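Breakdown of the fold
Listed below are the residues making up each chain.
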Amino acid sequence: MSHVVQIKTQVRDAAAVRAGCSRLGLDAPVEGEVKLFSETVTGLAVRLKDWRYPVVFDTTTGESKFDNYQGRWGRQDRLDEFLQAYAVEKTKIEAGRKGYSVAEQRLADGSIKVSLLVGGAS
Amino acid sequence: MKTIDVIVSPVGASRIETNGFTGDQCRQASAFLEQALGLAENERLKAEFYKTEVRDHQQARQSS
């Protein structure tokens, strides 16, 4: 039997956040207290390209906090791009823990396919 | 060949597809990724599962 599952990404792994930043050429994330426009939050802060304030991830809950002023202080697609990089790197980290070999392929629609070879013929 | 494909969309959502597993192995095989990546929103069984079910029904009718 085979199946398909849709997953909404939750950012809960600091190592994968670091790998995602590295993948996109961003500065390494910084843990601590960060001031956004109208509030101060605590977590793992990622500085996205052209964003005025960082995105701050709470890795215990997977929630993110940011203030991009509805796109005027930072484009949503920069955050989307980071979430994609995070999910790819997280998949590769988990595959590595299991000892599975991994192949990565960029698809025509901009998606990234990560294939894990689990074992021999069933 | 058993594979797990993770397709991450440009907005960061993931789709996990298992291939080549038998029985409930596929769910067990991909559970670690589902838990690691985030929140599972929905699941569907692939077409080959239903084909197997229909064939089993036909065989059961013929043998009865």
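Residues numbered from 1 in each chain as written. Chains lettered and ligands numbered in written order. Predicted model: local features only at pLDDT ≥ 70, side-chain atom pairs only at ≥ 80, totals over all residues. Heavy atoms only, no water.

Where an unreviewed UniProt entry is consulted, chain A appears under the name DUF1257 domain-containing protein, with the organism given as Rubripirellula tenax.

1. Considerations on the nonpolar core
If you look at soluble globular proteins, the nonpolar side chains tend to sit buried side by side. Counting 18 residues, the largest nonpolar core has Val-114 and Leu-116 of chain A together with Ile-4, Val-6, Ile-16, Leu-33 and Leu-37 of chain B as its most contacted members. Secondary-structure elements contributing two or more residues to this core are strand E1 (3-9), helix H2 (76-98) and strand E7 (112-119) of chain A together with strand E1 (2-8) and helix H1 (25-37) of chain B. Apart from the residues within four sequence positions on either side, Ile-16 of chain B is in contact with His-3, Val-4, Val-5 and Ile-7 of chain A together with Ile-4, Asp-5, Val-6, Ser-30, Leu-33, Glu-34 and Leu-37 of chain B. (Core = buried A, V, L, I, M, F, W, Y, C linked by side-chain atoms within 4.5 Å. Buried < 20%, exposed > 50% of the residue type's maximum accessible area, 1.4 Å probe, protein only. Helix = DSSP H or I, 4+ residues; strand = E, 2+ residues; numbered from the N terminus. Contact = heavy atoms within 4.5 Å.)

2. Here we look at the interface of chain A and chain B
Between chain A and chain B, the contact holds 38 residues from the first and 44 residues from the second. At the surface where chain A touches chain B, the tally comes to one salt bridge. Close ionic contact of Asp-5 of chain B with Lys-113 of chain A constitutes a salt bridge, the shortest N to O distance being 3.9 Å. Counting the contacts that link chain A with chain B gives 15 residue pairs in polar contact (both at pLDDT 80 or more). Mapped by element, the contributors of at least two residues to the side of chain A that touches chain B are E1, H2 and E7 of chain A. Residues of the side of chain A that touches chain B, tallied by class, amount to 16 nonpolar, 13 polar and nine charged. Bridge count between E7 of chain A and E1 of chain B: seven bridges; the pairing is antiparallel. Bridging from a neighbouring strand, Val-114 of chain A pairs with Val-6 of chain B of E1 of chain B. (Salt bridge = Lys/Arg side-chain N within 4 Å of Asp/Glu carboxyl O. Polar contact = N/O pair within 3.5 Å; in protein donor to acceptor, adjacent residues only side chain to side chain. Nonpolar A, V, L, I, M, F, W, Y, C, P; charged D, E, K, R; others polar. Pairing = 2+ DSSP bridges.)

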